[in-house]
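Architecture and fold: a report
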Amino acid sequence: LAYEFDSEDSHKIHSVCNVLEIGCGTGVSTIFLGSLIKKARVSGAKLYATDINSEAIRVTKETAKANDINLESLHAQICDLATPLLENLAHKCDVIIFNPPYVPTPSEEVGSSSIEASWAGGKNGRVVLDRAMAQIANLLSWPHGAAYVIAVDDNKPEEIAEIMMRDY
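The present account deals with the structure reproduced in this document.

Criteria and cut-off values
Residues numbered from 1 in each chain as written. Predicted model: local features only at pLDDT ≥ 70, side-chain atom pairs only at ≥ 80, totals over all residues. Heavy atoms only, no water. Patch = residues over 30% accessible without salt bridge, like charges linked within 9 Å, V, L, I, M, F, W, Y side chains within 5 Å. Areas by Shrake-Rupley, 256 points an atom, 1.4 Å probe, with all protein chains shown as cover. Salt bridge = Lys/Arg side-chain N within 4 Å of Asp/Glu carboxyl O. Helix = DSSP H or I, 4+ residues; strand = E, 2+ residues; numbered from the N terminus. Pairing = 2+ DSSP bridges. Axes fitted to C-alpha atoms, helices over the stretch in contact; angles between N-to-C directions. Contact = heavy atoms within 4.5 Å. Left-handed = near helix turned anticlockwise from the far one by under 90°. Nonpolar A, V, L, I, M, F, W, Y, C, P; charged D, E, K, R; others polar. Phe/Tyr/Trp six-rings, centres within 6.5 Å; stacked < 30°, edge-to-face > 60°. Buried < 20%, exposed > 50% of the residue type's maximum accessible area, 1.4 Å probe, protein only. Core = buried A, V, L, I, M, F, W, Y, C linked by side-chain atoms within 4.5 Å.

Focus: a nonpolar patch on the surface
- On the surface, Val-103, Ile-115 and Trp-119 cluster together into a nonpolar patch covering about 280 Å² of accessible area.
- Its location among the elements puts Ile-115 in the loop between β4 (95-98) and α4 (127-139).

What follows is the structure, given as structure tokens:
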């Protein structure tokens, strides 16, 4: 993100209106982009952060406060993926960040309420990501939006890219 949005020759931050982080955890990525937006004096930009864990939402708000991000511009919501945002943000997210649970694990660990839910990705580490792909495609602004999705070799990143290009 720093390379894309915080380099001297990058003007991308000036065109960012909506940032969405799915599975925000601490919210560091969202708050980093929010800080760059603030520094660039981009008015009207909104930050959206979702997580299934209420503690993650609380920590994201604390991270925003600690970094002097106006909480009016941050919409942090407890939910599964970005489901409640699909209608209002359809094709309006300029940046989507998603660090899904990507470690290949037994499927019964996926979506649990324990800490392993943060890394348990099920078969090929893709159970959550596969569910999110259609939402990401629906939310991403086109043609200039960008989705930053964390994947490892076990997740078959080339296959993920192929699915996104073919199906969405």
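Notes on the pattern of salt bridges
- For the structure on display, the rule yields 10 salt bridges.
- Measuring nitrogen to oxygen at the nearest pair gives 4.0 Å for the salt bridge that ties Asp-6 to Lys-39. Taken together, the residues Asp-6 in the loop between α1 (2-5) and β1 (18-22) and Lys-39 in helix α2 (residues 28-39) connect sequence positions 33 residues apart.
- One salt bridge connects Arg-131 with Asp-80, and the closest N-O pair in it is separated by 2.2 Å. With Arg-131 in helix α4 and Asp-80 in the loop between β3 (74-78) and β4, the pair connects residues that are 51 residues apart, well separated along the chain.
- Through salt bridges with shared partners, a single ionic network connects Arg-126, Asp-130 and Glu-159.

Structural notes on the sheet that holds strand β5 (residues 146-149)
- Pairing within the open sheet is parallel, and its 5 strands lie in the order β3-β2-β1-β4-β5. Two strands close off the open sheet at either side, each with one partner strand: β3 and β5. Averaged over neighbouring strand pairs, the angle between their axes works out to 10° when direction is ignored.
- Strand contacts of helix α3 (residues 54-66): β2 (46-51) and β3, with the helix running at about 165° to β3, the strand carrying the most contacts.

Quick look at the packing of α4 against helix α5 (residues 157-167)
- Two elements in contact, α4 and α5, have axes separated by 11 Å at closest approach and are oriented at 35°. Once α4 is placed against α5, the crossing between them reads as right-handed. Residue-level inspection shows Leu-129, Met-133, Ile-136 and Ala-137 of α4 in contact with α5, the latter providing Ile-160, Ile-163 and Met-164.
- Each residue belonging to the contact of α4 with α5 can be placed in one class, and the counts come to 7 nonpolar, no polar and no charged.

Side note on the packing of aromatic side chains
- Enumeration according to the criterion identifies 1 aromatic pair in this entry.
- Relative to Tyr-148, the ring of Phe-5 lies with its centre 6.2 Å away and its plane at 70°, an arrangement referred to as edge-to-face. Of this pair, Phe-5 sits in helix α1 while Tyr-148 sits in strand β5; the two residues are 143 residues apart in sequence, bridging distant segments of the chain.
- Using a relative accessible area of 23% as the deciding quantity, one classes Tyr-148 as partly exposed.

With respect to the nonpolar core
- By size, the foremost hydrophobic cluster in this structure holds 20 residues, and its most contacted members are Phe-5, Ile-13, Val-16, Val-19, Leu-33, Ile-37 and Val-95.
- Elements represented by at least two residues in this core include exactly α2, β2, α3, β3 and β4.
- Element by element, the count of residues in this core is highest for α2, at 4 residues.
- Here Ile-37 is in contact with Ile-13, Val-16, Val-19, Val-42, Ala-45 and Leu-47, once residues within four sequence places are set aside.
- Among the nonpolar cores identified, the runner-up in size contains 19 residues, and Leu-89, Phe-98, Ala-132 and Met-133 belong to it.

Here we look at unusual backbone geometry
- Cis geometry marks the peptide bond from Trp-142 to Pro-143, where omega comes out at 15°.
- Of note in the backbone geometry, Leu-81 takes a positive phi value of approximately 50° without being a glycine.
- In this structure, Leu-81 sits in the loop between β3 and β4.

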